[in-house]
Every structure is written in C-alpha cells, then in structure tokens.
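# Geometric and topological summary
One letter stands for each residue in the lines below.
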Amino acid sequence: MKKLWELYASFFRIGILTIGGGLAMLPMLKREVVDKYHWINEEEMMDIYAIGQCTPGIIAVNTATYIGYLQGGILGGTIATLGEVSPSLIIIILIASVLRQYMDNAVLLHAFAGIRIAVCAMMLDTVLLMIRKGVKNVLGVLLFFGALILATFTPVPLPVIVILAGAVGVIAFRLRKKEGGMKS
Amino acid sequence: MIYLTLFYEFFKIGLFAIGGGMATIPFLIDLSAKYGWYTTSEFANMVAISQSTPGPVGINMATYAGFQAAGIPGALIATFALVLPALVIIMLIAKFMQNFSDNPIVKAIFDGIRPTVAALILYAVLELSKISLLITTDSGYRPDFTSITICIILFILMEIPRLKKLHPLIWIAAGAVIGIVFKL
C-alpha cells in the first residue's frame, strides 16, 4: 500500500515538474526513481525511456507505466500512470474553465494570435529535429514526402499512413537482409 | 453519444501516435475538422497552453481537447482513452520482451514510422498556417505577410545554437508580446 502511494506521489511530482515535455522530464525522473527511491538504475532508466519512444502513446506516460509495472505489477503500472496524468487533468481543466470566460478580451485575443504564430514556428522546429533524427536515407525521404502528400491531398486516414510506413520499414529490412545474405 | 465517440477517437490516437506528444497533433487537427469540437485556431491556442503548463504536452492537449468537446467528463475520458493502449502494450513489453527496443523488427518498423511522423507534423503545420499565416477570403486564402515574416524570424531564431535550449515557454511568451504589440 505504501509502495503504491509512493508510486502515485512520485509520478505526480514528475508530471507537475515536466513543463514543455520531452527530454525535460529526464532530470526529474532520475531524481525520483534513481536517486530517491532506487527503483532502477540510470542505465535501466534510459532503456525504459527508449522503449517509451518507440511504442505508441506519450513517452512520459509510457515511462511511468513501465517503472510502475516493474515495482508493483499491473496495479503499480496503473497507479504510476494515474500519478503522471493527474497534474495535467487538474491544471488543464482549471485553465480551460477560466479561459473560457476571458476569450473575448481584446488583449488576450491579440496575444493568442501572436502565440499561434510562435506555435507554427515551434512545430516547424520539431519537424526539422525529427527530419534530422529520422530521415537518414533515400527511403526516409520517400516516406517523408509520401506521407506528406497522402495526409495533405488525399482522404487516407492518418492511422493507415502510420501502418503503411511501419510495413514499408519491415519490407525494406527484409530486402536488405536478403541482399546481405546473398552477398555473404 | 459523445462520450463513446471521444473514447473511440482518443483510443485510436493513443494507438497510432508514436513518438510522443507532438505526434498526436495531426490526429487532433483532423478531429477538429471531423467533429467541430474546437476550431483550428482554438486548437493552436490549446497547443500553446499545453506547452506552457505542467504535465506531459500530449496529456495536456488530450485533456484540453476532451474538455472542449464535453466538459470535465470529456477531459477525463479523452485522457484515459489516450493512455489505455500504451498501458496494455507497455505492460506486455515489460513482462515478455524487456529488450524490445533492440529487436531488429521493432527497429525496422520505427525506421519507417519516424520520417512519417515528421511529415504528419508538417501536415499539421500546414493546417495551422491556414488560421495563423493566411487570411481567409471568399475565393480561398491569401498570405498574411506580417504573420509569415514573424513566423520565419522566430523559426530562424530557434535554429541559432545558443537559443536552441530555450524553453518553449520563452517562445510562447515572445509570441504573446508580438501579438499584443502588432495588434495581430
């Protein structure tokens, strides 16, 4: 029981101190799960984070689920996940309710018009980062433009595009393996 | 039944958005077109707020979108539906294949998906640019040169190595100030 509470409280703290997402959570995660509770060591933490990156869902939450599961089975994984998402639920519901009442304020409207431009720039920055990390060869370039064209100009649903991309990745891997096998 | 629809749509996002919170953005944009729970410009505001408040960005956005669609129950349902697929998948991985991210097939799938995620986020930027960088006219869209210039300048600033580590909050604040000063 104490363990479950520790899991909830620990991931609640990690959630609340992760602002802006992504790698921002790692120092906080390390402080809680490695330094304070010794649930895992730093190397295991990075492995788990890597798994969280290549599985569906939100990386921070996936990491919480994994560590919670290692500590307390299915219940532990669920409780850690709840801890990680609780701050968001509380804070966003509060902000959304308050903002609703002020959204006709002229200054706020100007501010948000400017913010929306900054969001565009920030997302372009993310695209560039992802291209640098993920587009490494001709196939990557083809996949990038193929997906962009399918999403922008056709009604193909986004999940289908993701599944197709995964399938292309596997087929390319098999072909490479076959080629490599014939050469050796 | 809006709650069931919310659950179904966010479960789908949780299953197909791979690579973290930003990967959910194209799906959330498509939802706005499909159901009209929020407008594209409301969505851009949601992205900014989600990046500047505590909690994983992906969870913040799901909570916000759910709240816009159906109040507090909507926020809870959207968030839980989003994390549910990963909860199950991560626990299965933790139990059966701890070296998941070293698996060659997993790597191959991910090699295919990574360029696609970058493309889908660029698709989302194009959708967002319709409300932040273009002006809607009777015959379609025309460019808003002030906004486009601001966006390009912000983007170039973000690519300067010394500014790269700045927190997203700084850029969002800059956007707000620009919006108020230029009365966007």
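A brief report on the enclosed structure follows. By convention here, each chain's residues receive numbers from 1 onward along its written sequence. In the order they appear in the text, chains get letters beginning with A and ligands get numbers beginning with 1. With pLDDT at 70 or above as the cut-off, local features in this predicted model cover only qualifying residues; side-chain atom pairs require 80 or more to be listed or tallied, and sums for whole chains, interfaces and linings still use all residues. Side-chain descriptors were evaluated using all non-hydrogen atoms of the structure, hydrogens and water having been removed beforehand.

## Description of the packing of helix α1 (residues 2–16) of chain B against helix α2 (residues 25–35) of chain B
Residue and element names in this part refer to chain B. Between α1 and α2, whose axes approach to 11 Å, the crossing angle comes to 155 degrees. By the angle between their axes, α1 is roughly antiparallel relative to α2. Seen along the crossing, α1 lies across α2 with a hand that is right-handed. Residues Thr5, Glu9, Phe10, Lys12, Ile13 and Phe16 of α1 pack against Phe27, Leu28, Leu31, Lys34 and Tyr35 of α2. Asp, Glu, Lys and Arg are counted as charged, while Ala, Val, Leu, Ile, Met, Phe, Trp, Tyr, Cys and Pro are counted as nonpolar; the rest, among them Gly, fall into the polar class. When the residues that make up the contact of α1 with α2 are grouped by side-chain class, the tally is seven nonpolar, one polar and three charged. In this description, a line fitted to the C-alpha atoms serves as the axis of each element, helices being fitted only across the stretch in contact, and the angle between N-to-C directions of two axes falls anywhere from 0 to 180 degrees. To qualify as a helix, a DSSP run of H or I must reach at least 4 residues; to qualify as a strand, a run of E must reach at least 2; elements of each kind are numbered from the N terminus. Each angle gets one of four labels, with under 35 degrees taken as roughly parallel, over 145 as roughly antiparallel, 65 to 115 as roughly perpendicular, and the rest as oblique. Note: crossing handedness is left-handed where the near helix turns anticlockwise from the far helix by less than a right angle, and right-handed where it turns clockwise. Any two residues whose heavy atoms approach within 4.5 Å at even a single point are treated as in contact.

## Focus on the packing of helix α1 (residues 2–17) of chain A against helix α2 (residues 26–36) of chain A
Residues and elements named next belong to chain A. Running from N to C, α1 and α2 cross one another at 160 degrees; their axes reach a closest spacing of 8 Å. On the basis of the axis angle, α1 is roughly antiparallel to α2. Where α1 crosses over α2, the handedness of that crossing is right-handed. Two secondary-structure elements touch here, α1 through Ser10, Phe11, Arg13, Ile14 and Leu17 and α2 through Met28, Leu29, Glu32, Val33 and Lys36. Within the contact of α1 with α2, the residues separate by chemical class into six nonpolar, one polar and three charged.

## A word on helix α6 (residues 145–159) of chain B
Here the expected length of a helix is defined as 1.5 Å per residue gap, with one fewer gap than residues. The terminal C-alpha atoms of α6 of chain B lie 21 Å apart, and with 15 residues this matches the ideal 21 Å at 1.5 Å per residue to within 8%. Every buried residue of α6 of chain B is listed here: Ser147, Ile150, Cys151, Leu154, Met158 and Glu159 of chain B. Of the surrounding elements, those touching the buried residues of α6 of chain B are α5 (106–134) of chain A together with α5 (104–132) and α7 (168–181) of chain B. Categorising residues by exposure relies on relative accessible area from a 1.4 Å probe, with only protein chains included: less than 20% of the type maximum marks a residue as buried, more than 50% marks it as exposed, and the intermediate range marks it as partly exposed.

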